Amino acid sequence: MQYIITYSPCFIKNALKELKLLDEHICIVKDFCENMSLIETKFSQDDFQQLLCKNNIIFLKHLAPVSVIGQISGNLDEDKQILLQEILKSFPQVKLGEKFAIQTRICAGETFDKSPLNYSAKDIEVYVGTYLTDLGGVPTFSDKQIISDEDVNVFSIFINANTFYIGNSLSLFNLNFSCDEYRISSNKGKREISRAENKLTEALAKYKIDLGEKGGHALDIGAAPGGWTNVLLQHGFFVDAVDPGDLNPVLLANPKVKHYKCKIENIAQAEEFAKEHKYDIIVDDMNVDPEATAEIMNILTPCLKDNGLAIVTIKLPGNPEKGIKNAVEKLSKFYNILKINNLFHNRQEVTTLIQKK
Ligand SMILES: C[S@@+](CC[C@H](N)C(=O)[O-])C[C@H]1O[C@@H](n2cnc3c(N)ncnc32)[C@H](O)[C@@H]1O
């Protein structure tokens, strides 16, 4: 069985290592671009998907099965028909009321004399999606918000040069609902303080953390310029933002934000600080090494409510596996490690969800 996988280019080796732990004979059939490859495993789709679910996958971002490979013509009207007919022929019909998604990616290749196709992925999605909706299916879109539904019947279409690759799976087995990092999570239309905002928004959706709207008290360390603080404010939180850097003036003017313009080390050891503060949630996006991140989070444990959650990015400029291992070892003293993933908006880092023991 073949799959199209995506990963951060800086973590390709780590993503492949994860896959080799599932199937030592797994191999790359083709690299499409710097973050996307076709792989082959000896396992059936069902068996491989079960393996994926049982293992802790950190570096692999998205995976889509490939059951049918064929040729397109390059002409939109013809290709819409070719792809629709292939889906109707090769996969069980969408049931009445069943949630489905058409996820198309196009990677232009050499065969069309370097010119990309004169149509977009969206053209295919709308055409095939409309047909399946008419059959009674319920389309599920991820263009405007991040979706973490696991029960969506996903048809993945990938076009590279004049070849198409199609597969069908439940969204649960694709590691992420959507394959398109640029379309899913960007805060289109909303005002952003920083691009880092998307990182927290994605973590909340992906890890199914419902912060509600009533808020509480949050500690944001490594807060500047304030993207994460902005997200917490949107959920009604009072935010203590710690960073020696400048916070966006809009946030500084907000009475719910208190800026400690210093390093967290300057206040975290102070006994009064721990006594005076009990946060509902701590978020940490500091640019420091994995061990330092873990040490600071451990020092802050008394400030977090019992069973409180913390969302922490671990920066991985060096050996990624070693960095994660060292941080996890330290954090495990005081926290349960719930999730670790290289999310779409993470670059050379992973986002972790931890809970105070
Ligand atoms: C990636 S940026 C944070 C972006 C932020 N989450 C946002 O949404 O705008 C990392 C920040 O960590 C801060 N930082 C690094 N070491 C720190 C420390 N020891 N204490 C507090 N902040 C620190 C840096 O000043 C920098 O502003």
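As the structure is a computational prediction, the values presented were derived from the model and not from experiment.

### Some thoughts on the nonpolar core
Then, in step 1: Counting 46 residues, the largest nonpolar core has Ala218, Ile282, Val283 and Ala310 as its most contacted members.
Then, in step 2: Broken down by element, the residue count for this core peaks at 5 residues, all from strand 14 (residues 304-315).
Then, in step 3: Once you skip the residues sitting within four places of it in the chain, Ala218 turns out to touch Leu232, Phe237, Val239, Tyr279, Asp280, Ile281 and Val283.

### Points about the site of the ligand
Then, in step 1: Of all residues adjacent to the ligand, which total 22 residues, the nearest are Ser194, Ala196, Gly222, Gly227 and Asp285.
Then, in step 2: The class makeup of the residues in the shell around the ligand is 11 nonpolar, 6 polar and 5 charged.

### Quick look at the sheet that holds strand 1 (residues 2-7)
Then, in step 1: Sheet architecture is open: 4 strands sit in the order 2-3-1-4, paired in antiparallel fashion. The sheet terminates laterally at strand 2 (27-33) and strand 4 (60-66), the two strands that pair on one side only. Within this sheet the neighbouring strands show an average axis-to-axis angle of 25°, counted without direction.
Then, in step 2: In this sheet, strand 3 (residues 36-40) lies alongside strand 2 in antiparallel orientation, the contact comprising 5 bridges. Its bridge partner lying in strand 3, Asp31 is registered against Ser37.

### Some details on helix 12 (residues 320-331)
Then, in step 1: End to end, helix 12 covers 16 Å across 12 residues, agreeing with the expected 16 Å (1.5 Å per residue, within 8%).
Then, in step 2: Three or more residues of helix 12 are buried, namely Pro320, Gly323, Ile324, Ala327 and Leu331. Buried residues of helix 12, viewed axially, fall in a sector of 95°; they line one side. Turned more than 90 degrees from where helix 12 packs its buried face, Lys322, Lys325 and Glu329 sit exposed.

### Quick look at the domain arrangement of the protein chain
Then, in step 1: Per the domain assignment, the segments making up the protein chain are domain 1 (2-183) and domain 2 (191-356).
Then, in step 2: Between domain 1 and domain 2, the C-alpha centre-to-centre distance is 33 Å.
Then, in step 3: Taken together, the contacts link 11 residues of domain 1 with 14 residues of domain 2.
Then, in step 4: Split into classes, the residues belonging to the side of domain 1 that touches domain 2 amount to 5 nonpolar, 4 polar and 2 charged.

How each quantity is defined
Residues numbered from 1 in each chain as written. Predicted model: local features only at pLDDT ≥ 70, side-chain atom pairs only at ≥ 80, totals over all residues. Core = buried A, V, L, I, M, F, W, Y, C linked by C-beta atoms within 7 Å. Buried ≥ 20, exposed ≤ 12 C-beta atoms within 10 Å, placed from the backbone. Helix = DSSP H or I, 4+ residues; strand = E, 2+ residues; numbered from the N terminus. Contact = placed C-beta atoms within 7 Å. Near = placed C-beta within 6 Å. Nonpolar A, V, L, I, M, F, W, Y, C, P; charged D, E, K, R; others polar. Pairing = 2+ DSSP bridges. Axes fitted to C-alpha atoms, helices over the stretch in contact; angles between N-to-C directions. Expected span 1.5 Å × (residues − 1). Arc of directions from axis to C-beta. Domains from an automatic or database assignment.

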